[in-house]
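The residues making up each chain are set out below.
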Amino acid sequence: MKIQYDSQLGYQKEAIDAIVGIFQGQETCESNFTVYSPEYLAKQKNLGFSDVGVGNRLTLTEGQILQNAQSIQLTNGLKPSAAGEVDKKNLDFTLEMETGTGKTYVYLRTIMEMYEKYGFSKHIIVVPSIPIKEGVYSSLKSTQEHFKELYNNVNYNYFIYDSSRLNEVRDFAVNDYLQIMVINIDAFRKSFENPDDKRSKANIIHRYNDSLGYKPLELIRNTNPVVFIDEPQSTISTPLAKRAVQSLNPLCIIRYSATHREKVNLIYKLDAVDAYEQKLVKQIEVGSVVTEGANTEAYIRFLKVKIGKGFPKAQLELDVLRNGS
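As a starting point, this report considers the structure included with it. (Residues numbered from 1 in each chain as written. Predicted model: local features only at pLDDT ≥ 70, side-chain atom pairs only at ≥ 80, totals over all residues. Heavy atoms only, no water.)

Before going further, it helps to examine a nonpolar patch on the surface. A grouping of Ile 300, Phe 302, Val 305, Ile 307, Leu 316, Leu 318 and Val 320 is seen on the molecular surface, where their side chains present a nonpolar patch of about 620 Å² in accessible area. Elements that contribute at least two residues to the nonpolar patch include exactly β10 (300–306) and β11 (313–318). Along the chain, Val 320 turns up in the segment after β11. For Val 320, a relative accessible area of 52% translates into the label exposed. (Patch = residues over 30% accessible without salt bridge, like charges linked within 9 Å, V, L, I, M, F, W, Y side chains within 5 Å. Areas by Shrake-Rupley, 256 points an atom, 1.4 Å probe, with all protein chains shown as cover. Salt bridge = Lys/Arg side-chain N within 4 Å of Asp/Glu carboxyl O. Helix = DSSP H or I, 4+ residues; strand = E, 2+ residues; numbered from the N terminus. Buried < 20%, exposed > 50% of the residue type's maximum accessible area, 1.4 Å probe, protein only.)

Listed below in structure tokens is the structure:
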């Protein structure tokens, strides 16, 4: 069965435009870096590939980015970010999208738009778990034909990071066309758990590799990637995980979820009420509590909900009938 994608859904286009608009005025350009040191190249024979890497390059000033972001936030009815909340060295934005409204499609198409408009060719999608990683990869496969039709047969490569296939990291760094890496947070966070850990305990991405002439992470850092965080309430729920994401040297961090714990520079919002009013999701009805054979009304009160790994946990307060009283 072939999935048909609708490229004209207004709310999805608004979400895409919200991120793309942050970089309004950006020149189409790239940065270059040396993949191999002269000493390393002198020791190798017949390498057969380029020693020049290609990365994203940001030309806008912090003031321009802040102005763009504030304009988008006001248009979307959101509180504008203040000066100091948008830092060029740590650009971080949040999109809230209700479950079932196509956030994966939105951020994949955002990648296409940013490449077409600004030449940002290096993108990393960080996910919290293996099932979500596989789901994102499946979406990349199913949207490939759709995106090629929308974006003039755009040439791009996508892959799941695998420590046994580090040549894909080199290709990610040296190819000058659009590259998309999908990676699980656990694949590169381990070396941050304990600074005293032995080298053998660190993720392979942090270890020097003879065939690369670098640590894989160093190659990735040089590309200055745009980093998309899927379900940040799980992916970067700890300070160590946040440090790991920062170690990627991101040009920008963009968070997507329906249930954010932390909303940093909220740039677009499509919550449950918005989604229902736009008829994007079905109505959820909550039945009232009714008692039979009692003179007093039933009492139940919702106190709080805790969202973490596994199912959400709710805390309730209620009257309970015990021993007839």
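Positionally, Leu 270 belongs in strand β9 (residues 266–270). Taking the C-alpha atoms as reference points, Leu 270 and Ala 258, twelve residues apart in sequence, are found 8.3 Å from one another.

Quick look at the side chain of His 260 now. In this structure, His 260 sits in the loop between β8 (252–257) and β9. One polar contact links the side chain of His 260 to the main-chain carbonyl oxygen of Leu 95, over a distance of 2.8 Å. Within the structure, the side chain of His 260 is placed 3.3 Å from the backbone nitrogen of Ser 257, a separation counted as a polar contact. (Polar contact = N/O pair within 3.5 Å; in protein donor to acceptor, adjacent residues only side chain to side chain.)

With that settled, the discussion passes to the packing of helix α1 (residues 10–20) against helix α4 (residues 103–118). Axis separation between α1 and α4 bottoms out at 9 Å; the angle between their running directions is 45°. In this view, α1 runs oblique relative to α4, as classed from their interaxial angle. The crossing of α1 and α4 is right-handed. Of the residues in α4, those in contact with Gln 12, Lys 13, Ala 15, Ile 16, Ile 19 and Val 20 of α1 are Tyr 105, Val 106, Arg 109, Thr 110, Glu 113, Met 114, Lys 117 and Tyr 118. (Axes fitted to C-alpha atoms, helices over the stretch in contact; angles between N-to-C directions. Parallel < 35°, antiparallel > 145°, perpendicular 65-115°, else oblique. Left-handed = near helix turned anticlockwise from the far one by under 90°. Contact = heavy atoms within 4.5 Å.)

A separate point is the packing of α4 against helix α5 (residues 130–150). α5 packs onto α4 with a crossing angle of 50° between their chain directions and a minimal axis gap of 10 Å. As the angle between them shows, α4 and α5 are arranged oblique. Crossing angle aside, the handedness with which α4 passes α5 is right-handed. Note on element contacts: α5 touches α4 through Val 136, Ser 139, Leu 140, Thr 143, His 146, Phe 147 and Leu 150, opposite Thr 104, Tyr 105, Tyr 107, Leu 108, Arg 109 and Met 112. Among the residues making up the contact of α4 with α5, the classes are represented as eight nonpolar, four polar and one charged. (Nonpolar A, V, L, I, M, F, W, Y, C, P; charged D, E, K, R; others polar.)

Let us now look at the packing of aromatic side chains. Applying the stated criterion across every chain, the model contains twelve aromatic pairs. When the ring of Phe 23 is compared with that of Phe 120, the centres are 5.5 Å apart and the planes differ by 85°; the resulting orientation is edge-to-face. Note that Phe 23 is positioned in the loop between α1 and β1 (30–34) and Phe 120 in the loop between α4 and β4 (122–127), a separation of 97 residues in sequence. Each member of the pair Phe 23 and Phe 120 is classed as buried. Taken together, the aromatic side chains of Tyr 5, Tyr 105, Phe 147 and Tyr 151 make up a single cluster linked through ring pairs. Looking at Lys 122, its charged tip hangs above the ring of Phe 172, at a distance of 5.7 Å from the centre. (Phe/Tyr/Trp six-rings, centres within 6.5 Å; stacked < 30°, edge-to-face > 60°. Lys NZ or Arg CZ within 6 Å of the ring centre and 35° of its normal.)

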